[in-house]
Amino acid sequence: MLFNSYAFLIFFIITFTLYYLPLIIVKKNQLVILLLASFFFYSFEKPVLLLLLLFSVIINTLCSYSIYRVNQKKAKIILTLGVIFNLVILAFFKYSPLISTTLSKELNISNDFLNFLITVPLPVGISFYTFEGISLLVDLQKGKAVLHSKTNSFYEHLTKTAFFISFFPHLIAGPILKAKEFYPQMGIKLFKDIAWEDALKKIILGFFLKMVVADNLKDMTAHLVFPYFQGLSTGNLLLLLLGYSMQIFADFAGYSLIAIGLGGLFGYKLPKNFNFPYIASSFSEFWRRWHISLSTWLRNYLYIPLGGNKKGEVRTYLNLFIVMLLGGFWHGAAWSYGIWGAMHGFFLMMERWIFKDKLKEEKRSYAGMIFVFVVVSFLWLLFKLPEFSHVMAFFVSIFKNTGITFKFGIHELALLCYCSFVALYHLSYLVSHSFTSNRKFIKLEPAIYGFLLFLIFTNSGSQGAFIYFQF
Amino acid sequence: MKKIGFLLLFTCFFLASYNLFLYAYPLKKTVFYTNVERVEEYVYSNKKYTSVIVGSSLSGAFEGKEVFGKNHFNFYLHFTGAGTGIDAIRRSEKIPEKLFIEINYIKRPVNKVLLNYVFDEPIYNLRHYLPFLQTKNKLLPNLMDRVKAPANNTVNKKRPPEKLYNELIEIAKSEWSSIDDTILLKKHLDSIKQGIVELAARGVTIYFYEIPMDSSLNNSALIVFQRAYFTKLASDMGYKFIENDNSRDYNTGDGLHLLKEDADIYAEYFKSKLQEKPF
C-alpha cells in the first residue's frame, strides 16, 4: 500500500481511531491493533508475502527469546544461527535471481533449478526487515536490557518482536530501527501526548517532497532511457542527471519523513534518516547525512565487527571498501549496485587517505560540497540505468554531444523549478545555521506549511511507487 | 495546536482562492504534458466535440493542424493505444459525431490505471466542483506556460544522429516484426471492437486510419495483421478506412513518429482524403 493513495488514507483513519479508543487503551490492546494493521498494510497488494514476514518474525522471536534465557556461550551459538537465517532469507529472495542469471549467461550453465531461481520474486521490504532482525539479535546478545522487561512471557515477546519488525510506517523502506532504541518505547500511548505539530510538519514536508517534487521529476527523468538519451545535448543530459539526483533524494527523504511523522502520531519516535545530505562537503559527511539508519547499521553491525579503524591504516581502507561494496549490493541484486557501492567505498578511502584527520573538522568547504554532489549525482546513474554499458554510453554521450544545441523548453524549465525546491530545502538548513535568530522563520511556519499543503493538492505529479521499495 | 489551526486556515485560504480563480478564469491549455491532463480536458471541459481522434503518440502528428475542423479534440495518449481513448469516451458519456481511430498502436492494452485515476468515484465528481483537484489545472506548469511557450514534444524537426536512428529502427523492427500470441491479440482487438460497435450504435461515424511509419515497418507482421483486421471490420460494419498514402516514403525521428515537415504533408493528405467522396 502506498502512503500517497486513497486506500492508505482510509486505512490510516481507521487504524488511528481504533488505536486511541479508550477501550483499546484500557485493555492494553494498542500493540495488537497496530500489529494487525501492519499485517494488513503489508499484505494489501500481495497477501502471500505476509507468510515470509511472519516466518521471519517467528524465527527472530524464537532466537531472541532463547538468547535472553540461555547462558552467554549458548547465546552466541543461537545468535550465529539467527544471523545466518536472516542472511539466507535475504540471499535467497534477493540474490538468487542475480546469481542464477549470471551463471546461465556468463558460464552457459542452465538447469531447472537455476531457471526456478531466476523466477523467485523479491518480497517488498525484505532488506529492511532482515536487517532489523539481525539488529535485534545482536543488540540482545550484547546487552539483555534491550527487552526492557524482566517478566516477558513468550506471547508478550512475540507481540513486541512482531511489532518491532512490522510496524507499518517503517516496514517497507525504513528507517531501519534498532531494537535497543525501539523496544523501550513500547507501552501505553495517549491521544493527549501526541506531538501534533512535529508529526504534521514532517508528514506535510514528506508528502511535498514525494508528491510534488519526486513524482513530477519522475515524469521528466523518464527520458533518461537508453538509447534515447544519446540524441540529447550535453547540457540536457546534465540537466536530466541533476533532475534524477534531486528526484531520488526527494523520493526517499519524503518517504522517511512521512514514516517518522506517522510513527509520531502513534507515539513512536523513529530515527532520523536524512539530514540535508547534499550540503555534505566530504563523502564521510555525506554518509552521515544520507540514509542515516542504514549507514549506522552498517557501521555498528559490519564495519566495527570487521575491526573498524582499530587494525591499522590498510585494514581501515579495506573495511571501508568492503562495507560500501556490501552496502551497494544491499540496495539491489545487480552488478551495477555493487559498482555503485565500490565507487563510494573508493572515494571514502581516497578522502581518508588524502585528508586524514582534517575530515573530522566541522569546517564547510564549498568546493568540497560541489565535488561531492557532482560525484554522488553521477553515481546515481547506476541506479537509474540498469546496465553498466548504458551508463558508459551516457558518459560517451556527454563528451560526444557537445555539438548538439542545448534545448531549453518548457520541460527543462519545469525540471529546474522542481529541483529548486530541493535546493531551497538545503539552503534553508544552511541559512538557519548561519544566523543565531530564526524567529521570523518560525513565525512564518504556518503559512509556509500551509502553502506546501496547498501545493500537494494542486501540484502533485502522477502517482508513483517509492524508488526504495525495490530495495 | 494554535499553529496547526493557522496552518489549516492558510491551506484553506490558498485552496479557496485558487478554486475561485479557476471558476472565474478557466485555464485554456494548448499543450497537455501528461495523459491524465488530456483525459481530464476531454472529460471536464464544457465543450462538446463533434470529431475526436483516438490513438497513440503517433497521432500527435495532427496536433495543432486544421484537418478536422474547429470543434475537434485530439485524444492521443502516450504509451497506450486507441483502446484507452475509446474507453475514456464511453465512460465520459461525451459522445462525438465522428471518431477517428488510429490503428498503429491499437495492440497496446487499455491503460486501466489511468482511467481508474480519472473516473473513480468519489473524486471524479468532486473534481467537477473543485477544479483545483484536476491535474490539468496544476499551478506550476500553468505558470510556466506563461513564461515559456508550450511545445508539442511528440514531433521532432530533424532526425537524431545516424547511429542512434539505426538503433531506434532496430528496436522498432523487433517490436513490429512478429506477433507474440495471435490468439491473445485477436481477443484484445475483439474487445476494442465491442467498444467501437457500441459507439457506432449511438450514432458515431467511425473512421480507421494508419499513421505512416518508416517504410521498413510498413509491411511488418504486426501492422499487416492489424490492418487486415480493421479493413475487414470496416467493410463488414460499414465503417470507413482512410487508405494509406503509398505515394511517398515518410521520414520519422525514430522509425515511428513523423518529423514535423512530414507530419504537415501527411496532414494535408489526410485532409484531402476527408474531402473526397464518400467521406
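Reading the values: rules and limits
Residues numbered from 1 in each chain as written. Chains lettered and ligands numbered in written order. Predicted model: local features only at pLDDT ≥ 70, side-chain atom pairs only at ≥ 80, totals over all residues. Helix = DSSP H or I, 4+ residues; strand = E, 2+ residues; numbered from the N terminus. Rg over C-alpha atoms; globule rule 2.2 N^0.38 Å. Buried ≥ 20, exposed ≤ 12 C-beta atoms within 10 Å, placed from the backbone. Contact = placed C-beta atoms within 7 Å. Nonpolar A, V, L, I, M, F, W, Y, C, P; charged D, E, K, R; others polar. Axes fitted to C-alpha atoms, helices over the stretch in contact; angles between N-to-C directions. Parallel < 35°, antiparallel > 145°, perpendicular 65-115°, else oblique. Left-handed = near helix turned anticlockwise from the far one by under 90°. Core = buried A, V, L, I, M, F, W, Y, C linked by C-beta atoms within 7 Å. Pairing = 2+ DSSP bridges. pLDDT = per-residue confidence, 0-100. Expected span 1.5 Å × (residues − 1).

A separate point is the overall build of chain B. What chain B contains, in helices and strands, is ten helices and five strands. Radius of gyration (C-alpha) of chain B: 21 Å, near the 19 Å computed for a compact globule of 279 residues. When burial is assessed residue by residue, chain B has 33% of its 279 residues classed as buried. Of all intrachain contacts in chain B linking residues separated by at least 6 positions in sequence, the fraction that spans at least 24 positions is 78%.

Each helix and strand counted, chain A has 20 helices and zero strands in total. Taken against the 2.2 N^0.38 rule, which gives 23 Å for 471 residues, the C-alpha radius of gyration of chain A at 23 Å falls within 12% of a compact globule. Taking the principal axes of the C-alpha coordinates as reference, chain A spans close to 70 × 60 × 50 Å. Across the 471 residues in chain A, those meeting the buried criterion constitute 43%. Sequence-distant contacts in chain A: of pairs separated by 6 or more residues, those separated by 24 or more amount to 75%.

On to the interface of chain B and chain A. Chain B puts 29 residues into the contact, and the matching count from chain A is 24 residues. Among the secondary structure elements, those contributing two or more residues to the side of chain B that touches chain A are α1 (2-24), α6 (139-147) and α7 (162-176) of chain B. Among the elements that line the side of chain B that touches chain A, the one with the most residues is α1 of chain B, at nine residues. Across the side of chain B that touches chain A, the residue classes break down as 22 nonpolar, two polar and five charged.

Residues and elements named next belong to chain A. Taken N-terminus to C-terminus, the directions of helix α3 (residues 30-43) and helix α4 (residues 49-69) make an angle of 135 degrees; their axes are 8 Å apart at the nearest point. As the angle between them shows, α3 and α4 are arranged oblique. The element α3 and its partner α4 pack so that their crossing is right-handed. Touching F39, Y42 and S43 of α3 are L49, L50 and L53, all from α4.

Residue and element names in this part refer to chain B. Among the eleven residues that make up helix α3 (residues 82-92), eight are buried, leaving the element largely enclosed by the rest of the structure. Within the sequence span of α3, burial applies to A82, G83, T84, G85, I86, D87, A88 and I89. Close packing links the buried residues of α3 with α2 (35-44), β1 (51-55), β2 (72-76), β3 (98-102), α4 (112-119) and α8 (182-201). Phi for E93, located one or two positions after α3, is positive at around 65 degrees.

Here we take up the nonpolar core. Residues and elements named next belong to chain A. Formed by 120 residues in total, the largest nonpolar core has its most connected members in F164, I204, F208, V213 and A250. Examining the composition of this core, we find that 19 residues originate from one element, helix α12 (residues 234-265), more than from any other. With sequence-adjacent residues up to four places away left out, F208 is seen in contact with V213, L452, L455 and I456.

Looking now at the pairing of β1 of chain B. The two faces of the sheet receive side chains in turn, since in a regular strand these alternate between them. Residue and element names in this part refer to chain B. Most of β1 is tucked away, with five of its five residues classed as buried. Across the two faces of β1 the burial is the same, with S51, I53 and G55 and V52 and V54 all buried. When β1 meets β2, the two strands line up parallel, connected through five bridges. Directly across from G55, in β2, lies its bridge partner Y76.

Another point: the sheet that holds strand β5 (residues 240-241) of chain B. Residues and elements named next belong to chain B. Pairing within the open sheet is parallel, and its five strands lie in the order β2-β1-β3-β4-β5. Sheet topology places β2 and β5 at the edges, where each strand pairs with a single neighbour. Taken together, the two bridges between strand β4 (residues 205-209) and β5 define a ladder with parallel strand orientation. Residue pairing across strands places Y207 opposite K240, the latter belonging to β5. Helix-sheet contacts for α3 involve β1, β2 and β3, and the interaxial angle to β1 is about 140 degrees.

The pLDDT averaged across chain A works out to 88; a share of 94% of its residues lies at or above 70. Of all secondary-structure elements in chain A, the lowest mean pLDDT belongs to helix α6 (residues 112-118) of chain A, at 74, while α12 of chain A reaches the highest, 96.

Attention now moves to the environment of Y183 of chain A. Residues and elements named next belong to chain A. Relative to the helices and strands, Y183 resides in the loop between α10 (179-182) and α11 (196-221). According to the C-beta neighbour criterion, Y183 is buried, with 22 such atoms within 10 Å. Along the sequence, Y183 and T161 sit 22 residues apart, while their C-alpha atoms lie 8.4 Å from each other.

Before going further, it helps to spend a moment on the packing of α3 of chain B against α8 of chain B. Residues and elements named next belong to chain B. Packing of α3 against α8 brings their axes to within 10 Å, and their N-to-C directions diverge by 40 degrees. Classified by the angle their axes make, α3 and α8 are oblique. In this structure, α3 meets α8 at a crossing whose hand is left-handed. Residues G83, I86, D87, I89 and R90 of α3 pack against I192, G195, I196, E198 and L199 of α8. Among the residues forming the contact of α3 with α8, the class breakdown is five nonpolar, two polar and three charged.

With that settled, the discussion passes to the pairing of β3 of chain B. Residue and element names in this part refer to chain B. Of all five residues that make up β3, four are buried, and the element is covered over most of its length. Bridge count between β1 and β3: four bridges; the pairing is parallel. Of the residues in β3, the one forming a bridge with V54 is I101. Bridging between β3 and β4 involves five bridges; their strand directions are parallel. Bridging across to β4, F100 finds its partner in Y207.

Another point: α4 of chain A. Along its 21 residues, α4 of chain A runs 31 Å from first to last C-alpha, staying within 8% of the 30 Å computed at 1.5 Å per residue. Against the buried residues of α4 of chain A lie α3, α5 (72-106), α7 (126-142) and α8 (154-166) of chain A.

This part takes up the environment of L184 of chain B. Inspection of the secondary structure puts L184 of chain B in helix α8. On a C-alpha basis, the gap between L184 of chain B and K157 of chain B in space is 37 Å, while along the polypeptide they are 27 residues apart.

Our focus in this paragraph is the environment of T402 of chain A. Secondary-structure assignment places T402 of chain A in the loop between α18 (388-400) and α19 (410-434). Taking the C-alpha atoms as reference, T402 of chain A lies 5.3 Å from T234 of chain A; in sequence the two are 168 residues apart.

Once that is clear, we can look at unusual backbone geometry. Following F226 of chain A, the chain continues into P227 of chain A via a peptide bond in cis, with omega recorded as 0 degrees. When you line up the elements, P227 of chain A lands in the loop between α11 and α12. Despite not being glycine, F79 of chain B shows a phi value in the positive range, around 55 degrees. Residue position: F79 of chain B is located in the loop between β2 and α3. Since 13 C-beta atoms lie within 10 Å of it, F79 of chain B is described here as partly exposed.

Residue and element names in this part refer to chain B. In this model, chain B carries a mean pLDDT of 89, and residues with pLDDT of at least 70 account for 97%. Averaged over each element, pLDDT in chain B is lowest for α6 (83) and highest for β3 (96). Interface confidence for the predicted complex, given as ipTM, is 0.81, next to a pTM of 0.87.

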